[in-house]
Amino acid sequence: MKVLIELGVEELPAWPFLQEFDNILPKWDAALAKHNFKADFKLDYTPRRIVLSGELAEFAPDKEVENIGAPKNVALDSDGKWSKAALAFASKCGISESELAFKEIKGKEVLYHKSIAKGVSLKSVLASIIEDFALSLSFDKTMRWGDKDCAFIRPLRNLVVLLDDELLECELFGVCSNKASFVHRDFGYDKVSFDTAAQYFEVLEKNAVILSSDERKSRILAQFDELEKQIGLKIERDDELLAEVVAITEYPNAHLGSFDKEFLELPKEVIITSMKENQRYFALLNNDGSLANRFVVVANSTSKDSALIVAGNEKVLRARLSDAQFFWHSDLKNPFNAEKLKNITYLAGLGSVYDKELRECEISVVLADIYSSELKALGASKELLKEAIMLSKADLATAMVYEFTDLQGIMGGYYAKHAGKNELICKAITEQYLPNSDESELPSNAFSSVVAMSAKLDALLALFSINKIPSGTKDPYALRRAALGVIKIALKLGVNFDIKELLVALSKNYKSFELDALYDFILDRLYALYEINPSIIKACINAGVSDLVQLDANIRALDIIVRADGFEAGFDTFKRLANILKEAKIGSVDESLLENESEKALYSAFRACKLDFSKPSEYLNELFGLKGDIDSFFDSVMINDPDERKKANRIALIGGIYEAFIKIADIKEISA
C-alpha cells in the first residue's frame, strides 16, 4: 500500500531539527519494526512539515514466536506435577497443561513453546506506529501547547495519513487527519484540499512549497553562481549557514544587498558573525580575500520586488553594524590587560579566570622546557609565553565578546595587535582554542601550541580536581575535546611527550585527586583519533607506554602489520605464546639447559633480533619474524617438562619474547 504521512507544524527551529534529522528515518524504521513491518521510506521536510512517503504491505508477515520458560527441575514439583511456574508459562503462551513440553537449550532442559503470530493489518496499527514514531523523536527544544500533555518540537497543526489515496482517520496530539495541507504563506493562510497523494505533491508545488531540501539547496547554490557572475565577487559559502537557510525556507530566493563602506574598519569576523548569527546573511569577498561591503540574503518569499526585500534587510544590518562599531571603538579606548578577569568567576572552587591564567602560566613553564628548541627557533621566551597567557582571556571583559561570544580569542588577537603586542602573542591569542572541532586546524607554531595546550591541561586538571568528570554522553565542559586537543598538538609537534610524567609534575598546583583517572581519560581519546581496529589501540595502551609520540608510532606500526595479508592466520602462533604465559613466572634463560635444536634455534634467532624501541615498525617486524622458529619450538619441545629447571628455562625463553613484544603492545589484546 502506498503511504503518505505529513506532520504539519509551526515553523521548525533549524538546528534542533537538523541535529535529529539523521535519526528520523531510523526511528521510523524502528516504529515499523515493532509491528513486523519493513520498507524503504523517503523523508522530506520544510519549515512547516515533516513528510514520510513509501510503500508497505497491507499485512505484516506472520512472525514465529519462541517462548522459553523455567528449567525442568523448577517446572516440575517433587511429585512430578506441574509447578506454579509451569502453569504460569502455559497461561502466558495460551496453551493447556497437556501442551507443555521441554527442549534442551545450551545443555539444559527448559520449558519451550513455539507459535506463529498472525501478521497485523497496516490499517489497524498505522496510527499507533505514527504516535510511537513522533514520541521517539528527540529534540533539544520542545513545546507544549493548549491543554495537551504531549511535547513536540513545535505545535502540531495538521495531519495527513493516506493509504492508497484513502484517508486513514486517526488522531495525533489532538489533531485529526484530513486531506488538506498548508501552502506557502504568500498564497494564503488557509489549508488547500486534495484527493490523492499525487495531488498533494501537485498542490505544494503549485503553491511555492519545494518539499525536497536537496532541491532547495540546489536552487540556492544556482542563484549564488548567477550572482557571482553578475558582480564579480565571491559568496562565502558557509556550510552550516547554508544548511540552516535550507531548513527555514520553503521557496528560497537569493537577493543582493550592501552596507556602508565605513563599517569595513571593523574586523571582518565581526561583520560576518553579525550577518550570519543575527540575520542569516552570506558575506561576499573580493578577489584578494578581503571582505566586500555586500551581502546575500536568502528570503522565503515569492515576491519579485527585490528592492523592497533588500531595503528592509539593509536597514536591519545597518543597525547591527552600528552597534558593533560602537563596541569596537569603546573597547579600543580601554587598556587591554587581565585585570578585569579578577572579577570573572571561572568555576566554583577554581577561583577567577585570572586565577586560571596564573595556573596556565605555571603549566607553560613546564611545557617550555619540553619544547625549548622549538620556542628558541621562534625567539620566544618563557616570559613572552606568560604574557600571552595572561592576555589570552582578556577579551572576555570586552563589550564585543560580551555581544558576540563566538569571537573570543579572535577579538583578543585584534586588541593585542592594536596594543602593539608581539606578533607571536597576537597569533597565540587568536589560536588558543584550536583545535575546536574534529576537522579544525591546529595551532600554527610551537608558541601558539604551548598557549593552547596550557589552557587545555589546566581545564582537565582543574575540573578533575573538583570532580567535574564527564559521564556517559555528558561533557558540559568539553573535556574530551580538550584531551584530544592535547594529543593532536603533541603529535603535530613530534617531540617526546610523556603525559603521565607531565600530569604528575603539574598536579601539585591542584587539589588532590585520582591522577590515574585523568591519565586513562586522556588515553581513551586515542580511540577517537584513529580509524583502525580498536584492539590495536588497546594493545598498545596496555603496554604502558605513556609518551604520546612514541605511543602513536607504536599504534601506527602495529596497525600496518595487522592489516597485512595473512596476518590473522599466522597470529595463532602468538596467541598461543601469550596463553601459555598466563600467570607464569618468567626468569632468565640458562643457555646450558637448551637441549632441543628447535629451542636452540629460537634462542639464537631471538638474540639476533635488532630491537630498536625508537623504530617500532622494524622492532615488531623482527619479533613477528620469529613465527617459524616459534612454530618449530612448539612442535618439537614439551614446555611442561618433568624437569622443573627445563620447564622454567623454556618458559623464560618464550617469556622473553613476549616481554619484548609488550614493550610495544600487549599482543594478546589483538582481535580480528
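Residues numbered from 1 in each chain as written. Predicted model: local features only at pLDDT ≥ 70, side-chain atom pairs only at ≥ 80, totals over all residues. Heavy atoms only, no water.

*Asks:* Talk me through the sheet that holds strand 4 (residues 63–71); I want residue IDs and the actual numbers.
*Replies:* Read from one edge to the other, the open sheet built from three strands follows the order 4-6-5, with strand pairing classed as antiparallel. On the outer flanks of this sheet lie strand 4 and strand 5 (102–105), each paired with one strand and no other. Looking at each pair of strands side by side, their axes are set apart by 45° on average, direction ignored. Pairing of strand 4 with strand 6 (residues 108–117), which is carried by seven bridges, proceeds in the antiparallel orientation. Bridging from a neighbouring strand, Pro71 pairs with Val110 of strand 6. Strand contacts of helix 3 (residues 84–93): strand 4 and strand 6, with the helix running at about 170° to strand 4, the strand carrying the most contacts. (Pairing = 2+ DSSP bridges. Helix = DSSP H or I, 4+ residues; strand = E, 2+ residues; numbered from the N terminus. Axes fitted to C-alpha atoms, helices over the stretch in contact; angles between N-to-C directions. Contact = heavy atoms within 4.5 Å.)

*Asks:* A description of helix 16 (residues 446–465) should follow, citing residues and the corresponding values.
*Replies:* For helix 16, which comprises 20 residues, the first-to-last C-alpha distance of 28 Å matches the rise-based estimate of 28 Å (1.5 Å per residue) to within 8%. Most of helix 16 is tucked away, with 20 of its 20 residues classed as buried. The N-terminus of helix 16 is capped by Asn445, whose side-chain oxygen sits 3.0 Å from the backbone nitrogen of Phe447. Where helix 16 ends, the next residue or the one after it, Asn467, has phi of about 65°, a positive value. (Expected span 1.5 Å × (residues − 1). Buried < 20%, exposed > 50% of the residue type's maximum accessible area, 1.4 Å probe, protein only. Polar contact = N/O pair within 3.5 Å; in protein donor to acceptor, adjacent residues only side chain to side chain.)

*Asks:* Break down the packing of helix 16 against helix 17 (residues 479–493) for me, with residues and values.
*Replies:* Two elements in contact, helix 16 and helix 17, have axes whose closest approach is 9 Å; the angle formed by their N-to-C orientations is 145°. You can see that helix 16 and helix 17 cross each other, and the crossing is left-handed. Here helix 16 contributes Ala446, Ser449, Ala452, Met453, Lys456, Leu457, Ala459, Leu460, Leu463 and Phe464 to the contact with helix 17, which in turn contributes Leu479, Ala482, Ala483, Gly485, Val486, Ile489, Ala490 and Leu493. Of the residues contributing to the contact of helix 16 with helix 17, the split by class is 15 nonpolar, two polar and one charged. (Left-handed = near helix turned anticlockwise from the far one by under 90°. Nonpolar A, V, L, I, M, F, W, Y, C, P; charged D, E, K, R; others polar.)

*Asks:* Describe in detail the sheet that holds strand 2 (residues 41–46), supporting the description with residues and values.
*Replies:* With respect to topology, five strands assemble into an open sheet ordered 2-3-1-7-8, the strand pairing being antiparallel. Only two strands of the sheet have a single neighbouring strand rather than two, namely strand 2 and strand 8 (166–167).

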